[in-house]
Amino acid sequence: MSVYRLPFTVYRKIVVGFLFLSSIFFFLSSPSFAAERFFEVKAKKFSYTPNIIKVNKGDKVSIRLISEDVHHGFFVDGYGVKTSAHPGMEGALSFTADKSGRFSFRCSVTCGSLHPYMIGYLYVSPNNLWVWGVFGVLALGLISWLITSKKKQKDEKLKLFGIIPLEWRFPLTKFKPLRALLKSRWFPFLPIVFNLFIFTIILLAGFIGGLGAGNYNFGVMIVWILWWVLLMMFMVPLIGRFWCMMCPFPLIGDWIQRGKLINVGKQKSWGLGKRWPNKLRNLWPLVILFWVSTWFSGFFTVKPFATFILLGAIILIAIIIALFFEKRTFCLFVCPVSGFQGLYANFSLFGVRSRDPEICKKHVPKTCVVGNEKGYGCPWMELPYEMNRNTYCGLCFECLKTCPYDNMDLVLKPFGQDLFAERRRTDDVYNRRSTDEAYKALTMIGIFLSFFLAFQGPYGHLRDMVTAKTFGLHGYLGYLLESFTIDFLLIPGSLFLFAWLSKLASRSKEVKLKDVFVNFSYCLVPVGIAIWGAFSLGIIFPNGSYLLHIISDPFSWGWNLFGTASIPWTPFFTGLMPYLQVLVTLGGMLFALDFGYKFSQRTYKDIGEAKRGWIPILIYLILIHIFFVRIFVG
Amino acid sequence: MKKNELFAVVLMFLATIGTVIGIFAYEKSRAKGYYTVELTARAPLNGNWYPRKFTVPFGQEVRIRIRNIETVSHGFAMPDFNIEPAINEIKAGEVKEIKFLADKKGTFPFFCTVWCSNEHLHMSGEITVE
């Protein structure tokens, strides 16, 4: 089968044309004449009118701030200038707009529950970062196309960025202290107890904090600023289910089931020990449960008592599920935050793997599954001896303890390797690499969009909708419908369309559309991780300083444990933030492009089909990344 | 082995019940030596100061803990006494403590000093020293 190849001159034309286009961008970004600009901004809970202010670079901007209800502030990201206005008294602010780009202006005076998310946008044109962001996306797309279009045959060995072979492993238990730690029964019990301590304070603070504003509450701030950001920026992308390892919620359930806290007690669950239904042994319950829990994001991310109810409910449900079902059924199939951690863990750098499959083959009975006196059979109901994907591994390290041959290992591996791993046994109970994981990846993108627009966007009416100010179609019901439409129709629909185009372009007869859809959905794993990381930057930089206050005065009782209680709200790095957000987004795209072509090779049978089928997906990735850059800085 | 298990159980209870007991014990120890009044700040239509009237003993050092349980800022002023430290603003969800020496007998007013709602001017209360 011959493959049509573009002659070299065509490449040259494309590159020259690209450079030409980019020089036009530069002309567009030339400075215009400075002017004096005056704006009267009205502030009310939780929006500004106008919510978008557009000026040119060099303009002298004056702002008169008028409050329509309570004391509001006005802080400009990147410029660091601020003013505030009591009702009936005006605030005034003037500054020279000498930095270009898009800047959020946000409320600087606690004005209510959604105060940290009261935001408007200031555009100082020319918006170079937006132009550069799009340029970066196009450049990455072009490079990817240039590289992939030159391939003459399928890659024999999959290599990350063509450099690191995907099967590369580094066994971390080579380090003896680490091995001793992982084999100790005190690990991960001690980190769990530490988190038990933290979450006890969180629950108490949530209970005491009641319905007040959340930004001075230990529970709300630790969970939704610190924990969420750590989870999305460090734990999940680097270490996978690291949080599951030290999560305190299943501890009581474990204790009840085993009769022992750290020593090895019953292998069989005390309680009913029922088996979770086969049809639900996948990510679908978690896709739905996480989506349902986002319905209430306007409450539990801002109200202390709502955080208390949410966490309390999760703890109770964990105990109840542990009484009725076997082992960690709760973690696997019920915990709302388990789904994305499981899926995204496939991207992470670490994993528990067996060292030598030959040893495992001969080893009967498999102690990592049934347990022995050293530890429990896998609480996550995996088969550790043949595990090759992280989705359902909770990093509890029981298999390292039970293996009599020290054949289980914690390994370092290249990013995203698990996304390519097929499950060796197809008769297994879990449906791996299927539409459930695809929909998890897709809904995470949709939920990101809803969250970003409501909590970091300039749209006050969205915030009213999310917090159920009214219940009708233009209120809460409208938000639920919008969320459903984006998460389950628009975003999956867009991928489906491009998967269909990909199948069409490949001219493949055999391949099933569902396989194309599922395979390429895994491109969205690094994309999702990147945009959630960028989203988290938009939380931690402006609002991280609240943490200093609440660790000193966790219950708002006037405590000053570490002397930091009087530190006022101080946003940091708000000027650098948009640049980092674009970089992180582009980083996600880099992985998505690299993975995408590999998925194309896997989906289609020969190189010609793979190259043709890849083009629509490449276009899809370029389009969605231009969209994301626009969301962050455009 | 049994010792380990016992130790783990103790740790678990320390981390939960122990933490709660520790928090309340520390809070109680801070209240020593003062006559403490808990004052809740809410805009008049949401309940106003609570309690709106209270009595403190004459000659005693008084600590008032003002808890703003609302989502707007409030303030506190009591012009007849020297309050330490002076408060400009009690932000939403915040708690501020003030101290003063109740060295005058009689009934004295206190106010909110931040425009918290349209009814702001009605947000006042009385303290009686006897």
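Residues numbered from 1 in each chain as written. Chains lettered and ligands numbered in written order. Predicted model: local features only at pLDDT ≥ 70, side-chain atom pairs only at ≥ 80, totals over all residues. Heavy atoms only, no water.

A. A look at the sheet that holds strand β1 (residues 35-41) of chain B. Residue and element names in this part refer to chain B. Here we have three strands laid out as an open sheet, ordered β1-β3-β4, and mixed in their pairing. A strand with exactly one partner marks an edge of an open sheet, and here the two such strands are β1 and β4 (95-101). Averaged over all adjacent pairs, the angle separating strand axes in this sheet is 20°, with direction ignored. (Pairing = 2+ DSSP bridges. Helix = DSSP H or I, 4+ residues; strand = E, 2+ residues; numbered from the N terminus. Axes fitted to C-alpha atoms, helices over the stretch in contact; angles between N-to-C directions.)

B. Main features of the interface of chain A and chain B. Across the boundary between the two partners, chain A contributes 38 residues, which contact 36 residues of chain B. Between the two partners, chain A and chain B, sit six residue pairs in polar contact (both at pLDDT 80 or more). Listed by contribution, the elements that provide at least two residues to the side of chain A that touches chain B are α4 (189-209) and α7 (251-258) of chain A. The element contributing the most residues to the side of chain A that touches chain B is α4(A), with nine residues. Class assignment of the residues belonging to the side of chain A that touches chain B gives a composition of 24 nonpolar, eleven polar and three charged. (Contact = heavy atoms within 4.5 Å. Polar contact = N/O pair within 3.5 Å; in protein donor to acceptor, adjacent residues only side chain to side chain. Nonpolar A, V, L, I, M, F, W, Y, C, P; charged D, E, K, R; others polar.)

C. Representation of the sheet that holds strand β2 (residues 53-56) of chain B. Residue and element names in this part refer to chain B. The strand order across the open sheet formed by three strands is β2-β6-β5, and the pairing between neighbours is mixed. In the strand order of this sheet, the two ends are held by β2 and β5 (106-111), each with one partner. Put simply, the sheet's adjacent strands are angled 25° from each other on average, direction ignored. Here β5 pairs with strand β6 (residues 124-129) via six bridges, running antiparallel. Residue pairing across strands places phenylalanine 111 opposite serine 124, the latter belonging to β6.

D. Molecular detail of the packing of aromatic side chains. Residue and element names in this part refer to chain A. Under the counting rule described, the total for this entry stands at 77 aromatic pairs over all chains. Ring centres 5.6 Å apart and planes at 75° place the aromatic pair phenylalanine 572 and phenylalanine 573 in the edge-to-face group. Here the guanidinium or amino end of lysine 366 rests over the ring plane of tyrosine 385, the centre of that ring lying 5.1 Å away. (Phe/Tyr/Trp six-rings, centres within 6.5 Å; stacked < 30°, edge-to-face > 60°. Lys NZ or Arg CZ within 6 Å of the ring centre and 35° of its normal.)

E. Highlighting a nonpolar patch on the surface. A cluster of nonpolar side chains, contributed by A:Leu548, A:Ile551, A:Leu561, A:Phe562, A:Ile567 and B:Tyr26, occupies part of the molecular surface with about 500 Å² of accessible area. Tracing the chain through its elements places A:Leu561 in the loop between α21 (545-552) and α22 (577-603). Of the residues examined, A:Leu561 reaches a relative accessible area of 40% and is grouped as partly exposed. (Patch = residues over 30% accessible without salt bridge, like charges linked within 9 Å, V, L, I, M, F, W, Y side chains within 5 Å. Areas by Shrake-Rupley, 256 points an atom, 1.4 Å probe, with all protein chains shown as cover. Salt bridge = Lys/Arg side-chain N within 4 Å of Asp/Glu carboxyl O. Buried < 20%, exposed > 50% of the residue type's maximum accessible area, 1.4 Å probe, protein only.)

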